[in-house]
Amino acid sequence: MSPKRRGAAIRHRLWLGLQLVLSISVLACVLALLRIHSRAPVSVLEPTWRTPKVAFLFLARTDLPLDFVWHAFFQNAEEENYSIYIHSKPRFVFDRYTTRSAFFYGRQIKRSVKVSWGESSMIEAERRLLAAALEDPANQRFVLVSDSCVPLYNFSYIYSYLMSSSRSFVDSFLDQKEEQYQPKMSPTIPRAKWRKGSQWITLIRKHAEVVIADNVIFPIFRRHCKRVLESDIGKKHTAKSAAEKKRNCIPDEHYTQTLLSMKDLEHEVERRTLTYTAWNQSSNLMDTKTWHPKTFEYADASPQSIKEIKKINHVFYETEYRTEWCQCNDTLVPCFLFARKFSRSAATRILSEGLVGPFDAAALLFNSS
C-alpha cells in the first residue's frame, strides 16, 4: 500500500475511534442524569398530584363520639380534597363496629402511643399524626382536631379558607402571668423564645416538616416541661422547699409555638387558632376546672349562640396588649372554623340546623353488636 493510501486509512480509523468515544461519552452522561433524576427527593420532582389536600388529624382517646357530624361534613367533599388520619389508643381499629361513618374505616395510624393529658406523650401523638400525613405529598394543610371538635361551616368554605392563606394558624403569645417556663431549659430554649397558646393548630407543609425534623426542642420538653400532679396542688410547702419550685408546665400548650419561635418563623404564621374554646372561669387559682374548656350542651348550641361565635373577627391577647385581627391575605375573615368541646346533644343540634351538611337521623343509630 502506498504511503498516501496508508495515511488515509489511519485517518479514517482515527475518525471512527473519535466518533465511538464521543458516542460512549454522550451515553454515559445521559445515564448519569437519569440516575440522578431517579434518586432526587420527591419534592424536586414533578408532583404526581394536581389538587392540594387538607389533612384532618384527629386526636382521639378511643373512638370518635361525634363521627356522625363529620360524616355529614365529608359527605359534601370531593375525595381528592382531603385526607383523614386518627391517633387513638394502641391497637384500636376503626371499622363498622367502632364508628358510624365509613369515612373513618382504617384511618387510624399504625404506630400510636398511650396519651396522658398534660404530658409529653400528647406532643408525641401530634408528631406521629403529622409524620403519617406528610407521607402523602398532596397534603398541603394539616389541621389538628380533637374528638370533641365540630366544624362550624361546610367543607367547601373551610377548604377555600385554608387554601387561600399561605400561612399556618398557630395561637402564640407571651405569657407573663404564669410561670410555666422551666429555667433548666436554658440555654437550649431561652426565656425570650418561650411561647404559649392553644394546642389546636393548622400548619402549612413547610411548618409540619419543621415539627417532624425537630430532634432538639422536643427532648428538652420531654425532660423539663411537666405538669404538677393534682396530689401536689394545695399542699403547704416551706418557701425553700423543692416542691415549691415545681412549675406546672403543660407541654402541648407550648411546644409548636416555642419551636416556630426558635426557628424564627413567627412572621410566617397567623398567631391565632381556628378552633373556638370557651374556658371555665374561676377566681380560685387552685381550681383545676380552670384548666379545662367548658362543654357545650344542647342549650349552648342554639343557632344564635353559634352565630355569635362565627361573628368573632378578632382576638385580644391581654398579656401582650395585642389585638389579632383575623384575616387571610389581608382580608378580614371570621376567626373560627371549628369549636370544642361539644356533647353529642349539642353536636346533634348544630347538625340538625344544617351547618355542616344534610342531616341524616339514621346516622345517629349505632349498634355495635
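Structure shown above.
Source: prediction; values computed, not measured. Along each chain, the written sequence defines residue order, and numbers are assigned to residues from 1. For a predicted model such as this one, the threshold for reporting local features is a pLDDT of at least 70, and the threshold for listing and counting side-chain atom pairs is 80 or more; totals across whole chains, interfaces and linings nevertheless cover every residue. Hydrogens and water are ignored here; the side-chain numbers use all heavy atoms of the structure.

Participant: What should I look at first to understand helix H7 (residues 255–262) in this one?
Facilitator: Helical periodicity: at 3.6 residues per turn, an α-helix aligns residues three or four positions apart in one direction. Burial analysis of H7 places 7 of its 8 residues in the buried class, which makes it a mostly covered element. Only protein chains enter the accessibility calculation, which uses a 1.4 Å probe. A residue is then buried if its area is under 20% of the maximum for its type, exposed if over 50%, and partly exposed in between. Secondary structure elements are defined from DSSP: runs of H or I of at least 4 residues count as helices, runs of E of at least 2 residues count as strands, and each element is numbered from the N terminus. For H7, the set of buried residues is Tyr 255, Thr 256, Gln 257, Thr 258, Leu 259, Leu 260 and Ser 261. Any two residues having at least one pair of non-hydrogen atoms within 4.5 Å are treated as being in contact. The secondary structure elements touched by the buried residues of H7 are helix H3 (121–134), strand S6 (202–204), helix H5 (205–213), helix H6 (217–224) and strand S7 (269–270). Positive phi appears at Asp 264, one or two residues downstream of H7, with a value of about 55°.

Participant: Which parts of the structure should I look at to understand the environment of Leu 152?
Facilitator: Residue placement: Leu 152 occurs in the loop between strand S4 (150–151) and helix H4 (155–163). Exposure remark for Leu 152: the relative accessible area of 0% places this residue in the buried category. As for Leu 152 and Val 356, which are separated by 204 residues in sequence, their C-alpha atoms are 6.7 Å apart. Setting aside residues no more than four positions away along its own chain, Leu 152 makes contact with Ile 306, Ile 309, Lys 310, Phe 336, Leu 337, Phe 338, Ala 339 and Leu 355.

Participant: Even after reading the chapter, I still don't get the state of the cysteines, so can you show me in this structure?
Facilitator: Cysteine pairs can be linked by a disulfide, which is a covalent bond between their two sulfur atoms. What counts as a disulfide here is a pair of cysteine sulfur atoms lying within 2.5 Å. Under the definition given, this model contains 2 disulfides. Note that Cys 225 is cross-linked by a disulfide to Cys 249, the S-S spacing being 1.9 Å. Measuring handedness by torsion sign, the sulfur bridge of Cys 225 and Cys 249 sits at about -85° and is left-handed. Placement of Cys 225 in the loop between H6 and H7 and of Cys 249 in the loop between H6 and H7 is noted, with a sequence separation of 24 residues between them. Each member of the pair Cys 225 and Cys 249 is classed as buried.

Participant: Help me out: how do you make sense of the pattern of salt bridges in this one?
Facilitator: Between side chains of opposite charge, a pair can form as their charged atoms come close. The rule for a salt bridge is simple: a side-chain nitrogen of Lys or Arg has to be within 4 Å of a carboxyl oxygen of Asp or Glu. With the rule as written, the count across this model stands at 14 salt bridges. The salt bridge involving Lys 311 is made with Glu 308; its shortest N-O contact spans 3.7 Å. A residue pair is termed a helical-turn pair when its members lie 3 or 4 positions apart in one helix, as Lys 311 and Glu 308 do in helix H8 (residues 303–311) at 3 residues. Here Glu 308 falls in the partly exposed class, since its relative accessible area comes to 38%. For Arg 322, the salt bridge goes to Glu 320, with nearest N and O atoms at 2.6 Å. When sorted by exposure, Arg 322 lands in the same class as Glu 320, which is buried. Look at the salt bridges and you will find they share partners, linking Arg 271, Glu 320, Arg 322 and Glu 324 into a network.

Participant: I tried to follow the environment of Ala 131 on my own but got confused; where do I start?
Facilitator: One can find Ala 131 in helix H3. It is 8.3 Å that separates the C-alpha atoms of Ala 131 and Ala 208, two residues lying 77 residues apart in sequence.

Participant: Which parts of the structure should I look at to understand the pairing of strand S9 (residues 314–317)?
Facilitator: Walk down a regular strand and you will see the side chains alternate between the two sheet faces. Relative to strand S10 (residues 322–325), S9 runs antiparallel, the two sharing 4 bridges. The residue bridging Phe 316 from the neighbouring strand is Thr 323, located in S10. Paired strands are those between which DSSP finds at least two bridges. The turn linking S9 back onto S10 is made up of 4 residues, and Tyr 321 within it adopts a positive phi angle of 50°.

Participant: Explain unusual backbone geometry to me, please; I cannot follow it from the model alone.
Facilitator: A cis amide bond, omega 5°, links Ser 186 with the succeeding residue Pro 187. Assignment of secondary structure puts Pro 187 in the loop between strand S5 (168–169) and S6. Cis peptide bonds are those with omega within 30 degrees of zero, and the linkage from Arg 340 to Lys 341 qualifies with -5°. Relative to the elements of secondary structure, Lys 341 occurs in the loop between strand S13 (338–340) and helix H9 (344–352).

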